[in-house]
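Each chain is listed here by its residues.
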Amino acid sequence: MERRAFLRASGAGLALSCPTAAAASRSSGGVVQEAYEPLGQVPVTGAAEAVVGDDGETAYVAATTGFACVDVSDPADPTVLAEERDIEIGGGILSEVLDVTVDGDRLIAAGPANPGFSTMGFRCYDVSDPANPVSTGARETGYHIHNCYLEDDLLFVPANTGDQNPLVIFDVGGDEITQLGYWSLLEHESGWRDVYWLARYLHDVYVRDETAYLPYWNAGTYLIDVSDPNDPGYVSHVSDTTLAEQREIGGQEAVYGLPGNDHYAAIDDTGELLAVGREAWATGGEDPDRPGGIDLYDISDPERPAHRGSIDPPRTTDESRSGGMWTTSHNFELRDGRLYSSWYRAGVKIHDVSDPTAPEQLAWWRDPGTTGFWTARVAEPGETFIASSTEAIPNTSIEGALYTFPIEAGEQADPPSLRDPADWGTDGNETAESDGSNGDEDGSGADSGDGSANGNEDGSESGENETGDADDSIPGFTGVAGLLGGGIALERLRRRGNVQD
């Protein structure tokens, strides 16, 4: 590929080891571009999570009413190969498909991400030909599926029923899909039953080398031995709050505000570095009352994880959940000493985490008027990564899309300030009135003009039923819950011609 040859010739890989250097020049259509920016993009209506196939040339994007297969072999021209919408399970149509997982030639689409729907489960696909996904079977679950993870023939599913909220393991390798073992936080430490179910919600799962990493929201992130999928066992966990503290906290602050909010976890290719993302918003509670960042842990001894460093979130004026100016951490990937991260409207970043005690920002790109990034994933190691932008953030009119980015150090030209929504362009954003969450009367803090709340470039600082209360939604879920619950988003997609009645 010409792009890859150019990167090698330009020494872009060397730029990563020297973050203070200017970004390597990139050529597109004969125009030389000095600033760090996307290589390409393609619209994907309803885009949420995105993953990359083993070949590094195909991305699979959860798309709310189904999923899309996207050819990213030419990052300057990503192309949608196929869209699988209106996924049928048990006579019903699967809604809120916000997660897909792929391993080899098998893909799983699961949902709904929120409770309150009659059709719940997952469907398996053969994607050996990404332009023609072929269904190979399905399973009804009786509970919603927010996220899941496929490893070989095993599918790991958070089964948030409102009571146990266990991890359930399925064998999807045979002609029949069978349930194997499970692991429950409440069976390990029964005292968490006293805490509201959303505050001990099993939000996601990541699996590598027979260990599952379970972000249990305020209970922390648990390392579980799944070498015997019929009998998973506890290894250790990390947490920045305690059961005793959580018993004292109630209401919105317990679910949406720090401390806690273990939302996503992943490890690097060495198996020795764990990253935990904490999705959070300002709630008007006690400090820390701000968006959540990413914590880094040494797990070279998995029985004794040790905190090594943190990456704090970019800051903005209204940091409440309802305001729509989200800058909190979302999903990410660790690869070859680099962290590729998404921060919703605060964009995507690359950090050098080879020394986790001192993470170093290499690149940051943002366009809060038109993008809100859900995830960042490596496509071609050392060359490109992908990031999906979601339209699900409340009080915005962002369009769903998949972006491609270069893996190199650099600076964006004239990046929009995260302090001034008027600088974000005309995206139809109707930001809620600031709640003063940053300490000043207007919630602004000291305006540095660069998007941070304190002058630093990256914003760093030196027994219920399943549905819960009417005003509750799944933590980490974003605005799709309200939209789809009322049918608005589905109708919006139908008007665009992406969903058939």
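What counts, and at which threshold
Residues numbered from 1 in each chain as written. Predicted model: local features only at pLDDT ≥ 70, side-chain atom pairs only at ≥ 80, totals over all residues. Heavy atoms only, no water. Helix = DSSP H or I, 4+ residues; strand = E, 2+ residues; numbered from the N terminus. Areas by Shrake-Rupley, 256 points an atom, 1.4 Å probe, with all protein chains shown as cover. Pairing = 2+ DSSP bridges. Axes fitted to C-alpha atoms, helices over the stretch in contact; angles between N-to-C directions. Disulfide = S-S within 2.5 Å. Buried < 20%, exposed > 50% of the residue type's maximum accessible area, 1.4 Å probe, protein only. Contact = heavy atoms within 4.5 Å. Patch = residues over 30% accessible without salt bridge, like charges linked within 9 Å, V, L, I, M, F, W, Y side chains within 5 Å. Salt bridge = Lys/Arg side-chain N within 4 Å of Asp/Glu carboxyl O. Lys, Arg positive; Asp, Glu negative; His and termini not counted. Charge placed at Lys NZ, Arg CZ, Asp CG, Glu CD. Core = buried A, V, L, I, M, F, W, Y, C linked by side-chain atoms within 4.5 Å. pLDDT = per-residue confidence, 0-100.

Draft legend 1. Quick peek at the overall build of the protein. The helix and strand inventory of the protein stands at 7 helices and 32 strands. Taken as a whole, the protein presents about 18600 Å² of accessible surface, with 42% of it coming from carbon and sulfur.

Draft legend 2. Fine view of the sheet that holds strand β14 (residues 149-151). An order of β14-β15-β16-β17 is seen for the 4 strands of this open sheet, with the pairing classed as antiparallel. Each edge of the open sheet carries a strand with a single partner, namely β14 and β17 (178-183). In this sheet, neighbouring strand axes are inclined to one another by 25° on average, regardless of whether the strands run parallel or antiparallel. When strand β15 (residues 154-158) meets strand β16 (residues 167-171), the two strands line up antiparallel, connected through 5 bridges. Among the inter-strand pairings, Pro-158 is bridged to a residue of β16, identified as Leu-167.

Draft legend 3. Quick peek at the state of the cysteines. Evaluated as defined, the whole model comprises 0 disulfides. Residue Cys-124 stays outside any disulfide, its sulfur separated by 9.5 Å from that of Cys-148, the closest cysteine. Classification of Cys-124 by relative accessible area gives buried; the value is 3%.

Draft legend 4. Molecular detail of the environment of Thr-390. Relative to the helices and strands, Thr-390 is located in the loop between β31 (384-389) and β32 (401-406). Once the C-alpha coordinates of Thr-390 and Glu-49 are considered, the two residues, 341 residues apart in sequence, prove to be 8.6 Å apart. Aside from chain neighbours lying at most four places away, what touches Thr-390 is Ala-47, Gly-372, Trp-374 and Ile-398.

Draft legend 5. Layout of a negative patch on the surface. A contiguous patch of negative charge on the surface is contributed by Asp-209, Glu-210, Asp-225, Asp-228 and Asp-231. For Asp-228, a relative accessible area of 36% gives the class partly exposed.

Draft legend 6. Inspection of the nonpolar core at higher detail. Formed by 49 residues in total, the largest nonpolar core has its most connected members in Leu-214, Tyr-222 and Leu-274. Setting aside chain neighbours within four positions, we find Leu-274 in contact with Tyr-213, Leu-223, Val-238, Ala-265, Ala-266, Ile-267, Asp-295, Leu-296, Tyr-297, Ile-299 and Leu-334. Membership of the second largest hydrophobic core comes to 19 residues, among which are Val-51, Ala-62, Cys-69 and Ile-87.

Draft legend 7. Layout of the sheet that holds strand β5 (residues 58-62). Spatially, β4-β5-β6-β7 is the arrangement adopted by the 4 strands of the open sheet, whose pairing is antiparallel. What marks the edges here is a single partner per strand, and that holds for β4 (50-52) and β7 (79-85). Sheet twist, expressed as the average angle between the axes of neighbouring strands with direction ignored, equals 20°. Note: β5 against strand β6 (residues 66-71), 5 bridges, orientation antiparallel.

Draft legend 8. Examining the pattern of salt bridges more closely. The final tally for this structure, using the stated rule, is 15 salt bridges. We note a salt bridge from Arg-315 to Glu-319, for which the minimum N-O separation is 2.7 Å. A relative accessible area of 6% places Arg-315 in the buried class. The class of Glu-319 is buried, set by a relative accessible area of 2%. Connected through salt bridges with shared partners, the residues Asp-240, Asp-262, Arg-278 and Asp-295 form a single ionic network.

Draft legend 9. Representation of the pairing of β5. Of all the 5 residues making up β5, 5 are buried; the element is thus mostly covered by neighbouring parts of the structure. Where β4 meets β5, 3 bridges bridge the pair, whose relative direction is antiparallel. Bridging across to β5, Val-51 finds its partner in Tyr-60. Taken together, β4 and the strand that follows it, β5, pair antiparallel across an intervening segment of 5 residues, in which Gly-56 is found at a positive phi of about 70°. In textbook terms, the turn of a hairpin is the stretch between consecutive antiparallel strands, and for β5 and β6 this stretch comprises 3 residues, one of which, Thr-64, has a positive phi near 70°.

Draft legend 10. Representation of the confidence of the model for the protein within the structure. With 78% of its residues at a pLDDT of at least 70, the protein reaches an overall mean of 83. Here residues 1-32 is a poorly scored stretch, pLDDT under 50, and it has 56 contacts once near neighbours within four places are set aside; other chains count. Of the regions scoring below 50 in pLDDT, residues 481-501 engages in 34 contacts with residues more than four places distant in sequence or in other chains.

Draft legend 11. Quick peek at the side chain of His-351. Turning to its location among the elements, His-351 is positioned in strand β28 (residues 348-352). Excluding residues within four positions of it along the chain, His-351 makes contact with Ile-311, Gly-337, Arg-338, Leu-339, Ser-341, Pro-359, Glu-360, Gln-361 and Leu-362.

Draft legend 12. Just unusual backbone geometry, in detail. Of the consecutive residues Gly-111 and Pro-112, the connecting peptide bond is found in the cis state with omega at -5°. With an omega of 0°, the peptide bond running from Leu-258 to Pro-259 counts as cis. The residue Pro-259 is located in the loop between α5 (252-256) and β22 (262-267) in this model. Positive phi, normally seen in glycine, also occurs at Asp-152, with a value near 60°. If you trace the backbone, Asp-152 turns up in the loop between β14 and β15. Its relative accessible area of 54% is what places Asp-152 among the exposed residues.

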